[in-house]
Amino acid sequence: MNLLGMTLAELQDLTERLGMPRFAAKQIALWLYVKRVTSIDDMTNLSLKFREILKADYEIGTSAPVEAMRSIDGTVKYLFQVSSTGFVEAVYIPSEDGERATLCVSSQVGCKMNCKFCMTGKQGFERNLTAGQILNQIISIPESQLLTNVVMMGMGEPLDNIDEVLKSLEIMTSDYGFAWSPKRITLSTVGLRKGLERFLRENDCHLAISLHNPFPSQRLELMPAERGFSIIDMLELLRQEDFTHQRRLSFEYILFKGVNDSMAHAKELVRLLQGIECRINLIRFHAIPNVPLEGLSMEEMVKFRDYLTQHGVFTTIRASRGEDIFAACGMLSTAQKEKRTEELL
Ligand code: SF4
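Counting restarts for each chain: residues are numbered from 1 in the order of the written sequence. Residue-level local features of this predicted model are given only where pLDDT is at least 70; pairs of side-chain atoms are given and counted only at 80 or more, and the full residue set underlies all totals for whole chains, interfaces and linings.

Student: If you had to explain the overall build of the chain to someone new, which residues and values would you point to?
Tutor: Elements are defined by DSSP. Helices are runs of H or I of four residues or more, strands are runs of E of two residues or more, and each kind is numbered from the N terminus. Helices and strands together make up the secondary structure of the chain, namely 12 helices and 12 strands. Each radius of gyration is computed over the set of C-alpha atoms, and the globule rule expresses the reference value as 2.2 Å times the number of residues to the power 0.38. A compact globule built from 345 residues should have a C-alpha radius of gyration of about 20 Å, and the chain, at 21 Å, falls within 12% of that. Expressed as lengths along the three principal axes of its C-alpha atoms, the size of the chain is roughly 70 × 50 × 40 Å. Split into buried and exposed, the 345 residues of the chain put 40% on the buried side. A separation of at least 24 residues holds for 67% of the contacts in the chain among residues at least 6 apart in sequence. Partly exposed residues are those whose C-beta has more than 12 but fewer than 20 other C-beta atoms within 10 Å; with 20 or more the residue is buried, with 12 or fewer it is exposed, and the C-beta atoms are placed from the backbone. C-beta atoms are placed from the backbone for every residue, and two residues are taken to be in contact when these atoms lie within 7 Å.

Put into structure tokens, the structure is as follows:
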């Protein structure tokens, strides 16, 4: 069993069960999340006897990436193995000015949401990551200490793994953990009602909603999750929240040629988001095999952005980083999964 991913309350239960003093839980948390040791033997302020007791059933649970792809602009895509055929990706993205370094982390192996434009969705669902496996992506990359931000925008739908995701967020933002400000973390989601309600209630991290089409019937064609929780109902829920202080709300919008890029779409976006403190991030689509969707030119994206901005919706175009390695999210893990499955057969 792994210690990485345990909250302070869970460590307190554990130390009590093992007959260790209560303060040992805080000491273990410090070794795990601040000093980030890779062996229980390194927890030198625990007595030898207690280290041996811990080692009988537990290990730290860190594991290094099994593969890395480097872009000429410094972006690195890491691949982690989490089961015999399960792989997840984490992408390290340093900003051009060198001021920010963001890690995009995964929350599931595969995904149930089956968004039409997503390679991970094509994999189907294999398993949820544990909080430890989510945190391991942050701790085990060589650039770990350089990170300024984390986005839960990698493989999987974080709100479909809400217990482990909330645990990992608690550890990232607690004094006993990484002690990061929630402002350094963004969770990106298609929007699942129960998960979203819990997320809004239980922490203060930033929120990004995958919108991609303001018309519900058309959004449904791109994103089956629209059926379970319509964007209209989701916005009603979000209107009740305060996004002017601590938490920021953004909407992700991948532009697809001839699908969601018309003036009617732009106008409807303006109408839909009226009165909500938010921003839109326009994203360029990276083609994936066997999916008949196309992206827009930069000129066309700028036109769409300008319309929104001129009509009061603060809109940015997400900088394309790591284009030379940017097989879309999920491609590297899909290739590894297929290779590994063939080897096992
Ligand atoms: S875009 Fe996100 S939610 Fe949709 S299938 Fe891909 S990983 Fe899942």
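Here the narrative resumes, following the displayed structure.
Student: An account of the packing of helix H10 (residues 263-272) against helix H11 (residues 298-310) is needed here, citing residue identities and associated values.
Tutor: Only the stretch in contact is used when fitting a helix axis, every axis being a line fitted to C-alpha atoms; angles between N-to-C directions are given from 0 to 180 degrees. Their axes nearest at 10 Å, the elements H10 and H11 cross at an angle of 35°. Regarding H10 and H11, the two cross each other, and that crossing is right-handed. From H10, Ala 266, Leu 269 and Val 270 reach across to H11, where they touch Phe 304, Tyr 307 and Leu 308. For this classification, the nonpolar set comprises Ala, Val, Leu, Ile, Met, Phe, Trp, Tyr, Cys and Pro, the charged set comprises Asp, Glu, Lys and Arg, and every other residue, Gly included, is treated as polar. Of the residues belonging to the contact of H10 with H11, the class tally is 6 nonpolar, no polar and no charged. Rotating anticlockwise by less than a right angle from the far helix to the near helix defines a left-handed crossing, while the corresponding clockwise rotation defines a right-handed one.

Student: Which residues make up the site of the ligand, and what are the values?
Tutor: Here, nearness means that the C-beta atom of a residue, built from backbone geometry, sits within 6 Å of the molecule or strand in question. Around the ligand lies a shell formed by Cys 111, Met 113, Asn 114, Cys 115, Cys 118, Thr 120, Gly 121, Met 155, Gly 156, Glu 157 and Val 190. In terms of residue class, the shell around the ligand is built from 6 nonpolar, 4 polar and 1 charged.

Student: I'd like a rundown of the sheet that holds strand E10 (residues 249-255), residues and numbers included.
Tutor: Two strands pair if DSSP finds at least two bridges between them. Spatial strand order, E1-E2-E3-E4-E7-E8-E9-E10-E11-E12: 10 strands in an open sheet with mixed pairing. Across the chains shown, the open sheet's two edge strands, defined by having one partner strand only, are strand E1 (67-70) and strand E12 (314-317). Between one strand axis and the next, the sheet turns through 20° on average, direction left out of account. Strand direction decides the pairing type here: strand E3 (residues 87-94) and strand E4 (residues 101-104), joined by 4 bridges, are antiparallel. Bridged to Ile 93 within E4 is Thr 102.

Student: Run through the domain arrangement of the chain, naming residues and quoting values.
Tutor: Domain start and stop points were drawn from an automatic or database domain assignment. Considered domain by domain, the chain is made up of domain 1 (8-57) and domain 2 (67-344). On a C-alpha basis, the centres of domain 1 and domain 2 stand 34 Å from each other. Counting residues at the interface gives 5 residues for domain 1, matched by 6 residues for domain 2. With 3 residues, helix H2 (residues 24-34) is the largest single contributor of residues to the side of domain 1 that touches domain 2.

Student: Explain the nonpolar core to me, and be specific about the residues and the numbers.
Tutor: Nonpolar cores are identified as sets of buried Ala, Val, Leu, Ile, Met, Phe, Trp, Tyr and Cys residues joined via C-beta atoms within 7 Å. Of all hydrophobic cores here, the largest spans 83 residues; its most connected members are Ile 28, Leu 32 and Ala 90. A per-element tally of this core places H2 first, with 7 residues. Viewed by domain, this core spans two of them, domain 1 (8-57) and domain 2 (67-344), each represented by three or more residues. When residues no more than four places from it in sequence are discounted, the contact partners of Leu 32 are Leu 3, Leu 4 and Ile 60.

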